[in-house]
Amino acid sequence: MRPGGEYDQYVAKQAGADKFSGTILVAYGGKPVLERAYGMADKGKSIRNRTDTLFNLASIGKSFTATALLQLVEQGKVDLREKLGTYLGGFPAAVAKTATVHQLLTHTSGVGRPPVRPPDPVEQAWDSVEEVWEGTLKAIRAQEPRFTPGTDWQYSNDGFTVLGAIVAEVSGQNYYDYVREHVFAPAGMERTDFYTRPEVLAADDIAHNYATPNKGEPFDFTTSDEFPFIGLPAGGCFSTARELLKFVMALREDGKLLRHSFAELATSGKEPDVAPEEEPDPLLQCTHYGYGFATSIYNFQRIYGHTGGGKGVGDSYNVYPDLDCVSVILGNHGSAHSKPIVQLERRLVTEPSNSRSERVHVPAAS
């Protein structure tokens, strides 16, 4: 995973073939040993991606929401065993009196709509933070559970939006302000934020998302009507690879974001993840979901982190705690382009010879 090595060469080759656009970072001991950027952040303005470019994190934001919620659990203000209705009103009884905070965190609550839905013209017309927040919660409250809470596992973006609403209700702060003050600021994530659509379009340091529908020509999804006005607790904030590394390192420092015991709780597997439809990687021995963090055992090494996907988004951050390694991939051409890079990363990081050599000597950042 060093500069000029197999991983570096592979990503450069993929980028040269227009199969990857974005940035990568690999760090050992909290220090970057490999950092690259490829492709265009804004094709219309001929702005290239840089290593300090901000990318749409999509579902990686669930890690931030879970961290915020667990801070309140630490303080005794939220109980993981309590029902949703203890903290928020207006939900159907089948959810309010049954679904727990634990189930919301682990995608076993049955709360909300399917994660992939047709575009909603009503949502596309929202042009304020208040409309997005109130409108989304109103839509979620109108839904009966997709299954009896605790009986199934189905990925739920809406479930994490509800967790963000609990953070706001219990803390007495706006969700966005709470996360800025209690997660981003203590971690030193100075540029990470929930930027609005006008802010994204006006910036020259935020990557646009280029989607490719039906194998056609890529289009700038960021300028489309479907691009949301602002992200939600389920995802949609913007950050850089370096600032994601800061988040990981802050999470690993006892008491900076969470006490060590609660960080371990969050990043430990709780519920078996849904098996992938494609042919599984033989080195992937098990995969679970924790509290806002995906966890797995790969080639006998523990990994935790999260992915972020969507139209023109292909993100991943993986933490290898026993190897003291963190890898970040932020892509603005979709998850299909990032996936083979993630697979190679996992194989190379967990190869015994590579793991040992990287831990012995940490070269300067490149």
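Scope of this entry: the structure provided in the associated data block. (Residues numbered from 1 in each chain as written. Predicted model: local features only at pLDDT ≥ 70, side-chain atom pairs only at ≥ 80, totals over all residues. Heavy atoms only, no water.)

## Brief notes about the sheet that holds strand β12 (residues 301-310)
Keep this limit in mind: Here the rule is simple: two strands pair whenever DSSP picks up at least two bridges between them. Secondary structure counts use DSSP, requiring at least four H or I residues in a row for a helix and at least two E residues in a row for a strand, with both numbered from the N terminus.
Spatially, β2-β1-β14-β13-β12-β11-β10-β9 is the arrangement adopted by the eight strands of the open sheet, whose pairing is antiparallel. Of all the strands in the sheet, the pair left with one neighbour each is β2 (31-38) and β9 (271-272). Pairing analysis gives five bridges linking strand β10 (residues 284-289) to strand β11 (residues 294-298), with the strands arranged antiparallel. Considered in β11, the bridge of H288 is made with T295.

## Observations concerning unusual backbone geometry
Rules: A simple rule labels every residue: compare its accessible area, found with a 1.4 Å probe on the protein chains alone, to the largest value its type can have, and call it buried under 20%, exposed over 50%, or partly exposed in between.
Of note in this structure, D18 is not a glycine but carries a positive phi near 60 degrees. With a phi angle near 70 degrees, F300 is a residue other than glycine that sits in the positive phi range. As for its placement among the helices and strands, F300 is situated in the loop between β11 and β12. For F300, a relative accessible area of 68% translates into the label exposed.

## A look at the packing of helix α6 (residues 129-141) against helix α7 (residues 157-171)
Short version of the rule: Only the stretch in contact is used when a helix axis is fitted, and all axes are lines through C-alpha atoms; the angle between N-to-C directions ranges over 0 to 180 degrees. We call two directions roughly parallel when the angle between them is under 35 degrees, roughly antiparallel when it is over 145, roughly perpendicular when it lies between 65 and 115, and oblique otherwise. Here a crossing is taken to be left-handed if its near helix is turned anticlockwise relative to the far helix by less than a right angle, and right-handed if that turn runs clockwise. Residues count as neighbours in contact if any of their non-hydrogen atoms are within 4.5 Å of one another. Note that Gly is not counted as nonpolar here; it falls among the polar residues with everything else outside the nonpolar set of Ala, Val, Leu, Ile, Met, Phe, Trp, Tyr, Cys and Pro and the charged set of Asp, Glu, Lys and Arg.
As a packed pair, α6 and α7 sit with axes 10 Å apart at the nearest point and diverge in direction by 120 degrees. Taken together, the axes of α6 and α7 lie oblique to each other. Every pair of crossing elements has a handedness; the one defined by α6 and α7 is left-handed. Packed against α6, whose contacting residues are W133, T136, L137 and I140, the element α7 presents D158, T161, V162, G164 and A165 at the interface. Across the contact of α6 with α7, the residue classes tally to five nonpolar, three polar and one charged.

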